[in-house]
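Structural features, examined
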Amino acid sequence: MSAAETMQLWVPIGALAVSVSIALAARILVSRRPRRRSMPGLEPGVTLFTSERCPGCDPVRSRLVEVLGAQGFREIKWTEMPDPFVTHGVDRVPTTAAVDGGGNALIWEGMPPVRLLHRWRSFVNQP
């Protein structure tokens, strides 16, 4: 095999490897940022969406109490109020949402970082 044939083989493979690496890095970065969503009808503030059989909900609830205080957020449980889950497209629990006065929200699925919760406190104008 000549050097030109070898290059013709390895250049596309290298380009594919670089493309896959960039796509994976972008996916990791996007998954580590809150998503924006319109959630009209929810009161401004931080809302935690949970369910009874959610193993990750208790630790998230504890973190919210630690950072925002017991009165710093409200919880919506699937078993008690399923309508907001359907209306706002919440399909995973725990999901935390910071909603402003206009119904615009930042959504985080899973355990939100402490730094994010501190920023959300100011986002929703909580003391």
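To start, this report covers the structure provided alongside it. (Residues numbered from 1 in each chain as written. Predicted model: local features only at pLDDT ≥ 70, side-chain atom pairs only at ≥ 80, totals over all residues. Heavy atoms only, no water.)

Focus on the packing of aromatic side chains
For the coordinates displayed, the defined rule picks out 2 aromatic pairs. With a centroid separation of 5.2 Å and 80 degrees between ring planes, the pair formed by Phe49 and Phe85 is classed as edge-to-face. Within this pair, whereas Phe49 is found in strand E2 (residues 45-50), its partner Phe85 is found in helix H3 (residues 83-87), the two being separated by 36 residues in sequence. An identical accessibility class is assigned to Phe49 and Phe85; each is buried. Since its relative accessible area comes to 4%, Phe85 is described here as buried. (Phe/Tyr/Trp six-rings, centres within 6.5 Å; stacked < 30°, edge-to-face > 60°. Helix = DSSP H or I, 4+ residues; strand = E, 2+ residues; numbered from the N terminus. Buried < 20%, exposed > 50% of the residue type's maximum accessible area, 1.4 Å probe, protein only.)

Remarks on the side chain of Thr96
Relative to the elements of secondary structure, Thr96 occurs in strand E4 (residues 95-99). For Thr96, a relative accessible area of 0% gives the class buried. With near-sequence residues (within four places) excluded, Thr96 lies in contact with Val46, Thr47, Leu48, Val60, Leu64, Leu106, Ile107, Trp108, Pro112 and Trp120. (Contact = heavy atoms within 4.5 Å.)

Here's the deal with helix H2 (residues 57-68)
An α-helix turns once per 3.6 residues; consequently, residues spaced three or four apart project the same way. Helix length check: H2 (12 residues) gives 16 Å between terminal C-alpha atoms against 16 Å at 1.5 Å per residue, within 8%. Taken together, the buried positions of H2 are Cys57, Val60, Leu64, Val67 and Leu68. Considered in projection along H2, the buried side chains sweep an arc of 100 degrees and stay on one side of the axis. Positive backbone phi, approximately 90 degrees, marks Gly69, located one or two places after H2. (Expected span 1.5 Å × (residues − 1). Arc of directions from axis to C-beta.)

What to know about a nonpolar patch on the surface
Taken together, Met1, Leu9, Trp10 and Ile13 make up a surface patch of nonpolar side chains, about 490 Å² in accessible area. Inspection of the secondary structure assignment puts Leu9 in helix H1 (residues 3-31). (Patch = residues over 30% accessible without salt bridge, like charges linked within 9 Å, V, L, I, M, F, W, Y side chains within 5 Å. Areas by Shrake-Rupley, 256 points an atom, 1.4 Å probe, with all protein chains shown as cover. Salt bridge = Lys/Arg side-chain N within 4 Å of Asp/Glu carboxyl O.)

Focus: the nonpolar core
Within the largest apolar cluster, 13 residues are counted, with the highest numbers of intra-cluster contacts made by Val46, Leu48, Leu64, Leu68, Phe73, Leu117 and Trp120. Elements with a minimum of two residues in this core: E2, H2, strand E5 (104-109) and helix H4 (114-123). Element by element, the count of residues in this core is highest for H2, at 4 residues. Residues in contact with Leu48, not counting those within four places in the same chain, are Val60, Arg61, Leu64, Phe73, Arg74, Glu75, Ile76, Pro94, Thr95 and Thr96. (Core = buried A, V, L, I, M, F, W, Y, C linked by side-chain atoms within 4.5 Å.)

Comments concerning the pattern of salt bridges
A complete count under the given rule lists 4 salt bridges for this structure. Taking the shortest distance from any N to any O, the salt bridge between Asp58 and Arg61 comes out at 2.4 Å. Linking Asp58 with Arg61, this pair stays in helix H2, spanning 3 residues, or about one helical turn. Notably, a salt bridge pairs Arg61 with Glu75, separated by 2.8 Å at the nearest N-O pair.

So far we have only geometry, and geometry alone does not tell us how the molecule works.
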